Amino acid sequence: MNPSSFSSLSLSPAMLSNLDALGYHEMTPIQAQSLPVILQLRDLIAQAKTGSGKTAAFGIGMLQKLNPTWFAIQALVICPTRELADQVSNELRRLARFTDNIKVLTLCGGAPMRPQIASLEHGAHIVVGTPGRLRDHISRNTINLSTVQTLVLDEADRMVDMGFYEEIAGIVSACPTRRQTLLFSATYPDDIRKASAEFLREPVEVKVEAQH
Ligand code: ADP
Ligand code: MG
C-alpha cells in the first residue's frame, strides 16, 4: 500500500470517500507525519510552512474523534485573524461534508456579539475563533469550554507575534486539563517553546523542512 495514501490510516470509510471527493488522494508531507500522531491522541507540535495542508491534518483528526450525537463544543481552534478563522472553518466544513451533521461556529472580533451569543446558545460541535473574541465570550460567560477534547493553536507563532500570549493562556485555562492539544507553527522561536511547555503534555514534535 502507498504509505502516503490516506487509506493507510485507520480513518472511517465516510472520511476516506469524502477525502477522495475533495481530490485529496495523497497526504501532504506534514499530514503524513502528523496524522498518525494525532490519531493516537498524542499532543503534537507541528512545524511546516504555509500551504502545506496543516488544516486537514488537525481537521481529519478532530472529526474522527468527534461524537456527532453530543451537541457540545468538543473541539476549539484558535487562529490569529478573522480571515484565517474563516478559512479554517470552511475547510472543516468541507472535510465534514459527507459525514454526520457537524456544526462549526466561527467567533471573531469585528462581528456583532449578540448573534454569536445566540449561536452559542444554540450550540456547536466545533468552534473556530480569534483570541480576543474568545476571551470576551469567556469573561461574559457566554461560552462553555468544559467539554473541549481537542484544542488547536493554529499559526501559533503569528498569534504570539501579535501579542496574544496572555489571551491564549486564559482560553487554555478555560478548557479541561484532560484534552489533546495540537500546536501548529511555521517557526519555532523561544515563545513557542514556552507555549508548548505550558500548554502541551509530552508533545511529539514533527517538522517538514521547506523544499528548495
Ligand atoms: P496551511 O494551513 O498549512 O497553510 P492549508 O491547510 O490551508 O495549509 O492547505 C493548503 C491547500 O492545500 C488548501 O487549498 C487545501 O484544500 C489543500 N490540501 C490540503 N491537503 C491536501 C491533500 N492531501 N491533497 C490535496 N490538496 C490538499
Ligand atoms: Mg493554516
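Structural notes, computed from the coordinates.

Calculation notes
- Residues numbered from 1 in each chain as written.
- Chains lettered and ligands numbered in written order.
- Predicted model: local features only at pLDDT ≥ 70, side-chain atom pairs only at ≥ 80, totals over all residues.
- Heavy atoms only, no water.
- Helix = DSSP H or I, 4+ residues; strand = E, 2+ residues; numbered from the N terminus.
- Pairing = 2+ DSSP bridges.
- Axes fitted to C-alpha atoms, helices over the stretch in contact; angles between N-to-C directions.
- Salt bridge = Lys/Arg side-chain N within 4 Å of Asp/Glu carboxyl O.
- Buried < 20%, exposed > 50% of the residue type's maximum accessible area, 1.4 Å probe, protein only.
- Phe/Tyr/Trp six-rings, centres within 6.5 Å; stacked < 30°, edge-to-face > 60°.
- Lys NZ or Arg CZ within 6 Å of the ring centre and 35° of its normal.

Attention now goes to unusual backbone geometry. Residue L41 is not a glycine yet carries a positive backbone phi of 70°. Mapped onto the elements, L41 comes out in the loop between α2 (29-39) and β1 (44-47). A positive phi angle, near 65°, is found at N141, a position not held by glycine. Looking at the element boundaries, N141 is found in the loop between α6 (131-139) and β5 (150-153).

Within the open sheet, the 7 strands sit side by side as β3-β4-β2-β5-β6-β1-β7. Their pairing is parallel. The sheet is open, and its two borders are formed by β3 (104-107) and β7 (204-207), each paired with just one other strand. Here the strands of the sheet are splayed against their neighbours by 15° on average, with no regard to which way each runs. In terms of strand pairing, β3 meets strand β4 (residues 126-129) through 4 bridges, oriented parallel. Within β4, the position partnered with T106 by the bridge is V128.

Summed over the entire model, instances satisfying the criterion amount to 5 salt bridges. Here R193 makes a salt bridge to D190, at a shortest N to O gap of 4.0 Å. On the criterion of helical spacing, the pair formed by R193 and D190 is a turn pair, its members being 3 residues apart in helix α9 (residues 190-199). In this structure R193 comes out as partly exposed when scored by relative accessible area, which is 42%. For K207, the salt bridge identified is with E209, shortest N-O distance 3.9 Å. Judged by relative accessible area, which is 43%, K207 ranks as partly exposed.

This part is about the packing of aromatic side chains. For the structure on display, the rule yields 2 aromatic pairs. Their ring planes at 35° and their centres at 5.6 Å tell us that Y165 and F199 sit as a pair that is tilted. Here F199 lies in helix α9 and Y165 lies in helix α8 (residues 165-173), a separation of 34 residues in the sequence. Neither Y165 nor F199 differs from the other in exposure class; each is buried. Between R193 and the ring centre of Y188, over which it is positioned, the NZ or CZ distance is 4.2 Å. The cationic tip of K194 hangs over the ring face of Y165; the distance from NZ or CZ to the ring centre is 4.2 Å.

By themselves, these are just geometric observations and shouldn't be taken as functional.
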